[in-house]
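# Per-entry structural report
What follows is each chain in one-letter form.
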Amino acid sequence: MNRKWKWILISRFSQNYSDLVRMDVKMLYMIGSATFYGCCSLSMNFLNKAILSSYSFNFPFYIMACQMFVTIIVLQIIRIFSQSSITNYNIQDGRKVLPASLCFLLHTTLSLTALHGMNIPMYGAIKRCTPLVTLVLSLVILKKAPPSAALLGSIVLITSGCLIAGAGDLQFDAFAYTIGGLSCFAQAGYFTLVQKDSEVNKMSTLQMLHLNACNTMPIFILFSMVLGEFSPATSLLTESSITFIILYITLLASGGILMFSTFLCTSMCSAITTSVVGVPKSFLQTVIGYFTFGGVPYHPLNVAGLALNLFGGVLYTYTKYKEKKTEIKPEKKREGESSLP
């Protein structure tokens, strides 16, 4: 074998090895961002439930206005003391993410309202309908290719399990369920539009987070005043115990971290993946929720629905991984052929 062909074989081996390393690093980033989002979302639901129900601080617009304020302050500090991609807010950039911001505004307020009237396990069950709505919006708005039969089947299993678990709710509240269902549509729109902004506008996670906070904070403040939340909420805060103040500050900080993890997961993975990450998160949330905040009456349908829901989540993860591997192989083959003389 002459030197020329030896050099070609060595080059192709090196290129394939580099592609494999890049693929593994990218996969680790995707898994890490999805896990980060799941942990943040899980803790936020319990914090919100404690603030809204245990301490009777049912002021969703006021809470979100404070969260946006804290988020903007933290991002401004990051922008000043580091070389980040965050720029000063301007109307043109704000308009680009305005649809996503409005969906976020609707999603957060509807979710907080629903959580106040529902127990945590059933709140998680109804929120697990989000992946199905996200799938439809991905086809309509993002013009994505139709999913494979296995991927579609996994999402149907997730949603069916959610409905079965919800049917066993012995503390049914029609208003809370209606609001929770509407929040699924708002959340699906939010995830889909964040993915679109990431792909079309090429914005970084921190920049989208900053624009979203600046877009929504004035609206949250306005609604908190119009609905009469501002004065009583401020009075309660000034008269509250140190324990509640610490819990409230933790909630505000966690809200910004959750928004960051949502943008990060959606931009690095996909809107559907971000939705389905909620499956194992919601399973843990349901189990823990049975024994917190007064507990939840047991029903066999809950167990059956959760088992079906979890199986759908495992099937989705496996199918997504196999499809990702299949997409990478043709790209590597084309790159290898282009390197031949």
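Our structure is the block above this text.
Residues numbered from 1 in each chain as written. Predicted model: local features only at pLDDT ≥ 70, side-chain atom pairs only at ≥ 80, totals over all residues. Heavy atoms only, no water.

## Some remarks on the packing of aromatic side chains
Our working definition: What counts as a ring pair is set by centres within 6.5 Å for rings of Phe, Tyr and Trp (its six-membered ring), and what kind of pair is set by the plane angle: stacked under 30 degrees, edge-to-face over 60, tilted for all other angles. Under the scheme used here, helices are H or I runs from DSSP no shorter than 4 residues and strands are E runs no shorter than 2 residues, and both carry numbers assigned from the N terminus. Burial here depends on accessible area, computed with a 1.4 Å probe over protein chains only, as a share of the maximum for the residue type. Under 20% is buried, over 50% is exposed, and the range in between is partly exposed.
By the definition in use, this model includes 10 aromatic pairs. Between the aromatic rings of F61 and F220, the centroid separation amounts to 6.3 Å while the plane-to-plane angle is 50°, which identifies the pairing as tilted. Of this pair, F61 sits in helix α2 (residues 60-81) while F220 sits in helix α9 (residues 205-226), placing them 159 residues apart in sequence. Across this residue pair, the class does not change: F61 and F220 are buried. Consider the rings of F244 and Y248, whose centres lie 6.0 Å apart with planes at 25°: the pair is stacked. Within this pair, F244 and its partner Y248 are both found in helix α11 (residues 242-268), separated by four residues, close to a single helical turn. Of the two residues examined, F244 and Y248, each falls in the buried class. One aromatic cluster is present, formed by Y55, F57, F59, Y62, F230, F244 and Y248 through successive ring pairs.

## Brief notes about the environment of N201
Among the secondary structure elements, N201 is positioned in the loop between α8 (174-200) and α9. N201 gets classed as partly exposed once you look at its relative accessible area, which sits at 27%. In the structure, N201 is positioned 105 residues away from K96 in sequence and 7.8 Å away in space, judged by C-alpha atoms.

## As for the pattern of salt bridges
We apply this condition: When a carboxyl oxygen of Asp or Glu lies within 4 Å of a side-chain nitrogen of Lys or Arg, that pair is called a salt bridge.
On inspection of all chains with the given rule, the structure shows one salt bridge. For K96, the salt bridge is made with D93, and the minimal N-O distance between the two is 3.8 Å. Placement of both K96 and D93 in helix α3 (residues 91-96) is noted, with a separation of three residues, approximately one turn of the helix. You can call K96 partly exposed: its relative accessible area is 36%.

## Details of the nonpolar core
Put simply, the rule reads: Nonpolar core, defined: a set of buried Ala, Val, Leu, Ile, Met, Phe, Trp, Tyr and Cys residues in which side-chain atoms within 4.5 Å join the residues together. The contact criterion used is simple: two residues touch if any of their non-hydrogen atoms lie within 4.5 Å.
Formed by 50 residues in total, the largest nonpolar core has its most connected members in F57, Y62, M118, F220 and Y248. Of all the secondary structure elements, the ones that give two or more residues to this core are α1 (3-54), α2, α4 (98-117), α5 (120-127), α8, α9, α10 (230-239) and α11. With eight residues, α2 is the single largest residue contributor to this core. Beyond its immediate stretch of four places on either side in the chain, F220 contacts F61, M64, A65, M68, F104, L105, T108 and T109.

## Brief notes about the side chain of S101
Relative to the helices and strands, S101 is located in helix α4. Other than its neighbours up to four places away in sequence, S101 contacts L211, N212, N215 and T216.

Geometric descriptors of this kind do not, in isolation, establish any biological role.
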